[in-house]
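Residue strings, one per chain:
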Amino acid sequence: MANYNEQITRAWDEWESITGDEANDPNDFIDWAVANGRLTVRPQDLHKIYRRDVTTALRQVLRVNDEGTTYRAKQCVSILENGAQRTLWFDIDSGGTPQLRRKAVKQRRDSIVNDVYRAKSDVEHMNHAYPKDEPIQFEMDFTEDYEERKALEMLEREAKEAG
């Protein structure tokens, strides 16, 4: 029997064939899938919904330090405890041990590296699959992007404070 993700993917494929569109909006798919009995709420889904809402709220807690850098005040770290993986959240200004802070940064970096690897692999495949198209470039140095966003954030904050 297919797992839940496989069931969703099969329903998505069915829906794609019905729409005939080259790209589709998940919101439209959800409407169709619920109306056609392809998606239903499972009891554990409510817990997942609440958990997603909580973690989304925690991720959005931003503060500005004395140097004007905006940072996420709430950080998370995944740990293995008694054979089960748990995700712990802490406020970096009032909690978390040095080990948790280091581990959170390492895990965050690993996640970013994985995203970059996946994106670069996707670009390589697209360039391979469509050799007649102009090759898509993927810049791996994000230093300039970081500096631009930091400057823009500071300008927006100053404009907001000025009224």
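Q: Quick one: what's the story with the pattern of salt bridges, residue by residue and with numbers?
A: Going through the model one piece at a time under the given rule, you end up with six salt bridges. Glutamate 14 is the salt-bridge partner of arginine 38, the closest N and O atoms lying 2.6 Å from each other. Placement of the pair is arginine 38 in the loop between α2 (26–35) and α3 (43–59) and glutamate 14 in helix α1 (residues 4–19), with a sequence separation of 24 residues. Looking at arginine 38, the relative accessible area reads 37%, which means it is partly exposed. A salt bridge links lysine 74 to aspartate 91; the shortest N-O distance between them is 3.0 Å. On the criterion of sequence distance, the pair formed by lysine 74 in strand β3 (residues 74–81) and aspartate 91 in strand β4 (residues 84–91) is long-range, its members being 17 residues apart.

Q: I'd like to hear about the environment of serine 78, residue by residue, with values.
A: Summarising the element assignment, serine 78 is placed in strand β3. The spatial distance from the C-alpha of serine 78 to the C-alpha of asparagine 24 is 33 Å, given a sequence separation of 54 residues. For serine 78, the residues in contact, after removing those within four places along its chain, are Gln85, Arg86, Thr87, Lys103 and Gln107.

Quick notes on the rules
- Residues numbered from 1 in each chain as written.
- Predicted model: local features only at pLDDT ≥ 70, side-chain atom pairs only at ≥ 80, totals over all residues.
- Heavy atoms only, no water.
- Salt bridge = Lys/Arg side-chain N within 4 Å of Asp/Glu carboxyl O.
- Helix = DSSP H or I, 4+ residues; strand = E, 2+ residues; numbered from the N terminus.
- Buried < 20%, exposed > 50% of the residue type's maximum accessible area, 1.4 Å probe, protein only.
- Contact = heavy atoms within 4.5 Å.

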